[in-house]
Structure formats: C-alpha cells, structure tokens
Amino acid sequence: MSDINHSEYRNPLIARYASKDMSEIWSEQRKFSTWRRLWIALAEAEAEMGLPISQAQLDELRAHVGDIDWAAAEAYEKKLRHDVMAHVHTYGDAAPSARGIIHWGATSCYVTDNTDVLLIRDSLRLVLARLLDVMRALADAAKTYRALPCLAFTHLQPAQPTTLGKRMCLWLYDLILDLEDLEHRLALLRTRGLKGTTGTQASFYALFHNDSEKVRRLEALVNEKIGFESSFAVTGQTYPRKLDSQVLDVLSGVAQSAHKMATDLRILAHRKECEEPFEKNQIGSSAMAYKRNPMRSERICSLARFVMSLQTSPPMTTATQWFERTLDDSANRRLVLPQAFLAIDAVLILYRNVVDGMAVYPKVIEKNLRAELPFMATENIMMEAVAKGGDRQDLHERIRCHSQAAAAVVKQEGGENDLMARLASDPAFAQVDLDAALEPSRYVGRAPEQVDEFLNEVAMPFFKRYADLSAEAEDVRC
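Quick notes on the rules
- Residues numbered from 1 in each chain as written.
- Predicted model: local features only at pLDDT ≥ 70, side-chain atom pairs only at ≥ 80, totals over all residues.
- Heavy atoms only, no water.
- Helix = DSSP H or I, 4+ residues; strand = E, 2+ residues; numbered from the N terminus.
- Contact = heavy atoms within 4.5 Å.
- Buried < 20%, exposed > 50% of the residue type's maximum accessible area, 1.4 Å probe, protein only.
- Expected span 1.5 Å × (residues − 1).
- Arc of directions from axis to C-beta.
- Pairing = 2+ DSSP bridges.
- 1 Å grid on protein atoms, 1.4 Å probe; cavity = no way out; pocket = protein on both sides within 12 Å on 5 of 7 lines; lining within 4 Å.
- Points joined across faces, edges and corners; volume = space filled by probe spheres on them.
- Nonpolar A, V, L, I, M, F, W, Y, C, P; charged D, E, K, R; others polar.
- Phe/Tyr/Trp six-rings, centres within 6.5 Å; stacked < 30°, edge-to-face > 60°.
- Lys NZ or Arg CZ within 6 Å of the ring centre and 35° of its normal.
- Axes fitted to C-alpha atoms, helices over the stretch in contact; angles between N-to-C directions.
- Parallel < 35°, antiparallel > 145°, perpendicular 65-115°, else oblique.
- Left-handed = near helix turned anticlockwise from the far one by under 90°.
- Salt bridge = Lys/Arg side-chain N within 4 Å of Asp/Glu carboxyl O.

Caption draft 1: The arrangement of the environment of Ile 365 in detail. Along the chain, the position of Ile 365 falls in helix α15 (residues 362-387). Residues Ile 365 and Arg 271, 94 residues apart in the sequence, show an inter-C-alpha distance of 8.6 Å. When near neighbours in sequence (up to four residues on either side) are disregarded, Ile 365 contacts Leu 148, Pro 149, Cys 150, Leu 164, Glu 273 and Val 360.

Here it is, written out as structure tokens:
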C-alpha cells in the first residue's frame, strides 16, 4: 500500500520529474547527516590541534552520523526556535559523552553554509554527468546525419540549406559552452571554512589563545577532511551569496540551451521532419486520437523556463545582504537552490531521452527542401547560364519574373513550385543542366566537414577527459 499522503501538496519535481539521485542530495537526511559530519570534522581537527577531545567522544560521534531522531529534533526546534541548536541537542542526546564538545567554537553557518557548498558540489557533479550523456548522444546523432541536407531557417524563413548533423552540432555546442562554465564553477568552489559569527574567527582565535597560525591550521585541517583545498578568503557571517548567483547562472545556461533545442524540435515535429520518441501505448490527446504531441520537448521548455526564472532570485538576495549578513536569504535559498537543481536534473533526463529516441524522416526532409530549393538554386543557374554565353542582366531579370510567377502559384493558388518548369521552357537556360542544379548536396557548403571537424576537435577532448563519467539513464516518469 502506498504511504503517500494525498491530502498534502507534493512537489512535482520530486513526484514526477527529477531523479532519486538528485532528490537524495537535497533530502533532509543528507543535509542533517552532513551537519554531523561537519561537527565530526571540526572535533577531529580540534583534537589534532591539542584541544581536550577524547577518542571515545569522536567514536561516539561517528557512530551516530545517520541515525537522526526526527521527532526529537522537531521538538527541540519548536522549543528553541533555532534549527542548528535543535540538531546540536539531538546529536548530543545520541552521543552524550560528546555533548559538550559538539559545535565547539563554531557558529551556525559553519554547518549550514559548508553543507550547502557540499550539496552544490555533489549536485554540479551529477549535472556534469548528465550533461555529458546528452552531449555524447547528440554527437552520435550528428555523426549519423552529418551529410543529410535539410532546409535551414533564418528569421524562421527558408534559407540556404544546411545538414541535420550540422544543426545538431549547434545544439551540442551550446552544451559545450555550458560545460565550460560548469567546470569553471566547480574549479572555483570553496568552503566558508571556520570564519566565526561575523567572519573574524574571534571564537577560534580565543580558543587558541590568540595564536593566528593555529586558527589557520585548524581551518585547513577541516577543509582537508571535507575534501576541499581552500575557503573563501574573507566572509561575513555567511559565504558570499554571490556564489549562489553564479551557480544559478550555470544552471540557467543549461536551461537556455535545452529550451532552444526543444523548441527547434517542436518546430521540426510540426514540419514532420523529426520527432521525439512516441511510445506504443502513448496517448497524444484525450480527444484527438491521431495526435503525436511533442510532450517531452514541451516539458523541457516548461521546466527550463522555471530554472531561468529562478535565476533572478539569488542576485537580489546577494544585493540585499547588508553588511555582514541578513537572514532574509534563508527561506529564499531553501526554495531556490534545491528546486533549481531538481528542475535542471529533470530537463537533462528528458533531453537525453529525446535524443536517444529521436525519429528522423529523411524523405520528408528532402520533400520540404526540394519545395524551396528552386529559388535557392537560381543564383547557381544564372552563373552557369552566363558561363554558357548568356547576358547576366537579362538572365537576372528573367529569373526574377519567373520566380515571382512561381511564388504566386504557391501562395495564391496553393500549387506546387513550378519555377524549374518555367526555366526549362525558357530558351535562355537551354544549356543549363537544371537537374544537376537541384542536387541538394551542392548547397550545403562545408557542413559535413564542419561536423567532422567539430566533433573531432571540439567535442572529443571533453569525451576523452570524462571517459569514465556517466549518469544512469532514467525513465521519463509521467
């Protein structure tokens, strides 16, 4: 029997969209057990620096990292109106011999902010893995369709042809730019460290009898124990909220790239050239049984838009952190950080699913291209006719008149493009091989070679660098 309480609101990001892996990272269990690991790291470092903390106390702390008494913590918080102290007392109840040294010298942001940095790091690493999986799938698809000519669009109007593989490289390159930003953020990620209540380290300075070098060594030890090389050089009570803003910029960038691809695919589905996966028993519409709605691509756009909207909140929080800090960041960050990561996780799961199962219809692509190709071929036709002895200005005028007449048939009468038939009946073009002029591959330029060069020179170095990094493929739920 389901243990879901259907009388309470459930966040769709958890219930429908994001992975269990990302949900676990932002769970209460992970958060508060990380607080305990941070208290252990601090106690271990303090013991190593000579403070009176026994091995038995450390062992007892380590023995109770994950067995959190949630009812006790809730009762303490209701009484104390302070979440950190509620968990200090709860942990002290579980490890009574160590009660007196838990949180020794620390301020609340030691556990809250350093935990957030750890969760952000784990989340960025999962995003990185998912991003790479999407990139690999796009690279494979681009290679497959490297030379398939298709109609290109500028201003959403037919333009000089490209290849489907080249278009897929545009989608892939957006993600590569996002990956570079993500790598940069990961490389610069650092802890809040041990900075004290207003960033002056006054409590630790007193604890070590005004010995600055010992305070510096203590901070370095704690960083080492939690897997970081450095802390922010200076802070107020919190780490600079600029970090949250920078992280959301990265996630928003991924969302922007995904939204662009999904929008392109929705338009291609409208043209019946490409489609996202459509399962055997999937229903497109409750009323119109024939429908094959691009619901995955639409969902990508919907979730991506949500991530992009969240990008506005951290900058405003950063801008209003008066002096050493204000607490109006807290509730906002509890919402924004987890939901941004959960949503982008869902976006990338969908993106991979769509690319892995994308249906391509070359015959439709060719038909749509050939409907417009006669107009695009006219410059080549004119140049060849001039080379055969024709007058360039006369030929230009003939093509202009024939083109306008053919366009009128298409637009006003709903007929087929008959420009080639008009040119074939015009003696001025008798020496031109009009069939050869309509070969689509003549109009895609270096697109196939650009695909090869891009994949080999730009994309492949990332795939080699992260050869062993991949995320487990997730089923698309609902």
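Caption draft 2: Expanded view of unusual backbone geometry. Positive phi, close to 60 degrees, is recorded for Arg 81, a residue that is not glycine. Its location among the elements puts Arg 81 in the loop between α5 (70-80) and α6 (83-94). Arg 81 sits in the exposed class, given a relative accessible area of 70%. Non-glycine residue His 155 carries a positive phi angle of around 60 degrees.

Caption draft 3: Representation of helix α16 (residues 392-413) within the structure. If you check α16, its first and last C-alpha atoms are 31 Å apart, about what 22 residues at 1.5 Å a residue would give, namely 32 Å. By the burial criterion, the buried members of α16 are Leu 395, Ile 399, His 402, Ser 403, Ala 406, Ala 407 and Val 409. Summarising the axial view, the buried residues of α16 lie within an arc of 150 degrees, below the 170-degree limit, and thus occupy one face. Exposed side chains of α16 directed beyond 90 degrees from the buried face belong to Gln 393, Lys 411, Gln 412 and Glu 413. Buried residues in α16 make contact with α15 and α17 (419-424).

Caption draft 4: The arrangement of the pairing of strand β1 (residues 149-154) in detail. The pairing of β1 with strand β2 (residues 157-163) spans 5 bridges and is antiparallel. Bridge pairing in β2 links Pro 149 to Thr 163. From the end of β1 to the start of β2, which pair antiparallel, there are 2 residues, and His 155 there has a positive phi angle of about 60 degrees.

Caption draft 5: Summary view of the layout of surface pockets. The volume enclosed by the largest pocket comes to roughly 830 Å³. If you go around the largest pocket, you meet 31 residues; those closest to its centre are Lys 31, Phe 32, Trp 35, Asp 83 and Arg 334. When residues of the lining of the largest pocket are traced back to their parent elements, those giving at least two are α3 (28-48), α5, α6, α7 (108-144) and α14 (330-356). The element best represented in the lining of the largest pocket is α7, accounting for 6 residues. Residues that form the lining of the largest pocket fall into these classes: 11 nonpolar, 8 polar and 12 charged. Estimated volume of the second largest pocket: approximately 500 Å³.

Caption draft 6: Geometry of the side chain of His 87. Relative to the elements of secondary structure, His 87 occurs in helix α6. Among the residues examined, His 87 registers a relative accessible area of 5% and is labelled buried. Contact partners of His 87, with chain neighbours within four places excluded, come to Phe 32, Trp 35, Trp 39, Ile 68, Trp 70 and Ala 73.

Caption draft 7: Spatial organisation of the packing of aromatic side chains. Per the stated rule, a full pass over the model turns up 7 aromatic pairs. When the ring of Phe 32 is compared with that of Trp 70, the centres are 5.9 Å apart and the planes differ by 65 degrees; the resulting orientation is edge-to-face. Of the two residues, Phe 32 sits in helix α3 while Trp 70 sits in helix α5, which places them 38 residues apart along the sequence. When its relative accessible area of 9% is taken as the criterion, Phe 32 is described as buried. Note on Tyr 173 and Phe 454: the rings are 5.3 Å apart at their centroids and 75 degrees apart in plane angle, and the pair reads as edge-to-face. With Tyr 173 in helix α8 (residues 164-188) and Phe 454 in helix α19 (residues 447-465), this pair connects stretches of sequence that are 281 residues apart. On the basis of relative accessible area, Tyr 173 is assigned to the partly exposed category, the value being 40%. The buried category is assigned to Phe 454, whose relative accessible area is 12%. Sitting over the ring of Tyr 239, Arg 241 keeps its end group 4.7 Å from the ring centre.

Caption draft 8: Local environment of the packing of helix α11 (residues 242-270) against α14. Between α11 and α14, whose axes approach to 10 Å, the crossing angle comes to 30 degrees. Between α11 and α14, the interaxial angle falls into the category roughly parallel. As for how α11 packs across α14, the hand of that crossing is left-handed. Contacts between α11 and α14 involve Asp 244, Val 247, Leu 248, Leu 251, Val 254, Ala 255, Ala 258, Met 261 and Leu 265 on the former and, on the latter, Arg 333, Val 336, Leu 337, Ala 340, Phe 341, Ile 344, Val 347, Leu 348, Tyr 351 and Val 354. Residues of the contact of α11 with α14, tallied by class, amount to 17 nonpolar, no polar and 2 charged.

Caption draft 9: Here's a closer look at the pattern of salt bridges. All chains considered together, the criterion is met by 31 salt bridges. A salt bridge links Asp 122 to Arg 30; the nearest nitrogen and oxygen atoms lie 2.8 Å apart. Here Arg 30 lies in helix α3 and Asp 122 lies in helix α7, a separation of 92 residues in the sequence. Across the pair Arg 465 and Glu 183 runs a salt bridge whose closest N-O atoms are separated by 2.5 Å. A residue pair is termed long-range when its members are at least 10 positions apart, and Arg 465 in helix α19 and Glu 183 in helix α8 qualify at 282 residues. Accessibility expressed as a relative area gives 18% for Glu 183, which makes it buried. Each of Glu 44, Glu 48, Asp 59, Arg 62 and Lys 225 takes part in salt bridges that share partners, so that together they form one network.

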